[in-house]
Structures are given as structure tokens and as C-alpha cells.
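Structural description and commentary
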Amino acid sequence: MIITVWGCRGSIPTPGRPTSSYGGNTMCLECQAGDTRVIFDMGTGIRELGQAILANGTDLTRPTHILLSHTHWDHIQGFPFFDPGFRPEARFTIHGCEGYPWTLAQILADQMAIQYFPVSLDHMEADIDFKGLPPGHLDIGPMRITYMHMNHPGLAVGYRVESNGRAFVYTGDHEPFREPLLDKRGALSAEDEAYLERRFQALVDFCRGVDLLITDAQYTDEEYPDHIGWGHSPTSYAVRLAAEARVKRVLLSHHDPDHNDTVVDEIVARARRLLSDLGAETECSGAREGATIEL
Ligand SMILES: [Zn+2]
Ligand SMILES: [Zn+2]
């Protein structure tokens, strides 16, 4: 599998020099296995991916699959600028969580409604099919894909992708499981603690042994207490997940829009120290727009 990072910024794009090293486009990843391409999320990074797809003379009649972790703006806002979507010969299947009173098609059409955007979803001439996630797994070409619900406001999932003996996990947006209970009940009972630990261990199992974990690590540990309930993880939590799941490599992602390149460098340095303190052999770096990782 070849994974390319087209966008790794969280929340809102951050153009400009202070963020130019890690990049300013919001979340979009591409995974290629043989001649199968799967795109994860449609943040603003998908605009350049769309241009690359057209420049490479890709056969657009072969269906491309797009898997959404969830439909918050920073994961769908690039879609109206995805040029292959305007090609009548192109075929796409967009997969995502169902459970809202709105369908995926409706959610994506709504962000292109006339009060927000001049071009409606109907103007995208590609053959676009929308699908909820099936129970169990999804097979796309040589990739077997499973998913798990994450702790994030609204419906959100993370994906585990396996192909040819290699595996990676993309968590999408995720916050430590502790938050919802704390919010509702104040102090936690021993039972609550055990419940939360079981949920964390299920996530550890989901990530177990992967070659690459691309995880939400938006906040520093110092920032997190002021953002509980916002749906994102502090550095030490991302580190604990990577270490307990014994992943080979972790990419910290969904960089906070207020974190310039120097701050992200500091977060990565701290994560490496924490991993070393835990005796983990996991390699750690910050997700960087344009990076390609071969598994
Ligand atoms: Zn996000
Ligand atoms: Zn989100």
C-alpha cells in the first residue's frame, strides 16, 4: 500500500508561511494498493488530489471509493472543488456512517446549497453513489477495511485497512473515551473507570500491531483540559494508544490550526520522549502534507 497525505490540518485550512512545512489543507489521505485507490476524507487536500488524478490520465470509469470518517466541515469541505466529480465519465462511491436523520447525499448536498455555494451537487456530473457502512467489513480491491466508532461529537468512525500482510489505521477525529461520562456524572465510579478502560482497550485491539497509525493528536496536554468535549486528543493519549497497540509507526495528525510548524515540531519531540519513556519502539512523526508512506 502507498499512502499519501494530501491534507492533515484539523478544523480549518491554514494557508501561510507559519504552517507551510506540515501544510494547511484539511484532512485527506489517499491509499493505493495495486491499481485500487481509496480516499479517506474530503478536506481541502482533496482538491490537489483531484488535479493529480486528472493529470495522471487516470481511467475515471474505474470506480474510486471515498471513505468518510465523518461529515464535519474539515472532512468534506474540499468536495465541491474535486475536479473529477465534474467529469461525466467518472464513477465514485462515497461511504460513511449512517444514523443521522439525514442521508450522506443530503449532508453533502446541503453544504453546496445556494445560500452557501454557487454550484449545487447536481452539477457534479460524475456518477456518485452514496453508501452507508456495512456491518463487518468492506472489501475494496485488495484492501479489507474494518471500522470502529470513535469518541467525537456526532457520528464518527476510524478505519483499519489491511492488504497483502500490511495494515494501517486512520482514527479520524477522536477524543479519550473519558469525556462523555465526566460531562454527565462528575466523579467516576470504579465501574465507570472499568467501562472506559474496556472501551480504550477495544481501540487498542483495533490498532494492534499495525504498520502505521494515523491518529488525532490535535492538542498539547496543556491545551486539552480547556477543550474537553471538542472531540480531539492530547499528545500523551495518542502516545499511549500507539505504545499499547505496539504499532510500528505513528503519524500525529489533525494539527490544530493555531499550531505553527514550530509547535508541531515540539509536539512530535515530546511524543518521541514519551514513547521512549514507555519503552515503546514505535517511530513517531508529524503528518506532513505531500508525504508518501509505503507499507
Ligand atoms: Zn476534524
Ligand atoms: Zn470532527
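Our subject is the structure that appears above.
The notes below deal with the structure included here. Note that the structure is a prediction, hence the values are computed from the model and not measured.

Moving on, we come to the coordination of the zinc ion (ligand 2). Six octahedrally arranged donors around a metal ideally form angles of 90 or 180 degrees; four tetrahedrally arranged donors ideally form angles of 109.5 degrees. The zinc ion (ligand 2) binds to the protein through H70 (NE2), H72 (ND1), H152 (NE2) and D173 (OD), with metal-donor distances spanning 2.1 to 2.4 Å. Note that the zinc ion (ligand 2) binds four donor atoms; their angles at the metal cover 86 to 176 degrees, and the shape is irregular. Mapping the donors of the zinc ion (ligand 2) onto the primary sequence gives the spacing H-x1-H-x79-H-x20-D. The metal-metal distance between the zinc ion (ligand 2) and the zinc ion (ligand 1) is 3.5 Å, with D173 serving as a donor to both. Of this pair, H70 sits in the loop between β4 (64-67) and α2 (73-76) while D173 sits in the loop between β10 (166-170) and α4 (178-185), and the two are 103 residues apart along the sequence. The exposure class of H70 is buried, given its relative accessible area of 3%. With a relative accessible area of 2%, D173 lands in the buried category.

So, on to the sheet that holds strand β9 (residues 157-163). The mixed open sheet is built from seven strands, whose spatial order is β7-β8-β9-β10-β11-β12-β13. Only two strands of the sheet have a single neighbouring strand rather than two, namely β7 (137-140) and β13 (283-286). Each strand axis lies, on average, 20 degrees off the axis of its neighbour in the sheet, ignoring direction. Sheet analysis places β10 next to strand β11 (residues 212-216), joined by three bridges and oriented parallel.

Here the zinc ion (ligand 1) is held by D74 (OD), H75 (NE2), D173 (OD) and H254 (NE2), and the distances to it run 2.1 Å. Seen from the zinc ion (ligand 1), its four donor atoms lie at angles of 89 to 163 degrees, and the figure they make is irregular. The sequence pattern formed by the donor residues of the zinc ion (ligand 1) is D-H-x97-D-x80-H. Judged by relative accessible area, which is 6%, D74 ranks as buried.

The rules we used
- Just so you know, the residues in each chain are numbered from 1, in the order the chain's sequence is written.
- Each chain takes a letter, starting from A, and each ligand takes a number, starting from 1, following the order in which they are written.
- A pLDDT threshold of at least 70 governs which residues receive local features in this predicted model, and a stricter bar of 80 or more applies before side-chain atom pairs are shown or counted, although totals over entire chains, interfaces and linings include all residues.
- With hydrogens and water excluded, all non-hydrogen atoms of the structure serve as input to the side-chain values.
- A 2.8 Å cut-off from the metal defines N, O and S donors, relaxed to 3.2 Å for Na, K and Ca; water is not in the atom list, so some sites may appear incomplete.
- Angular criteria define each label, namely tetrahedral for four donors with all angles between 85 and 135 degrees, square planar for four and octahedral for six donors with opposite donors over 155 degrees apart and remaining angles between 65 and 115, and irregular for whatever fails these tests.
- A run of DSSP states H or I qualifies as a helix once it reaches four residues; a run of E qualifies as a strand once it reaches two. Both are numbered from the N-terminal end.
- Relative accessibility thresholds used throughout: buried, under 20% of the residue-type maximum; exposed, over 50%; partly exposed, between the two (1.4 Å probe, protein chains only).
- The criterion for strand pairing is that DSSP finds at least two bridges linking the strands in question.
- Axis definition: a line fitted to C-alpha atoms, limited for helices to the stretch in contact. Angles are taken between N-to-C directions and run from 0 to 180 degrees.

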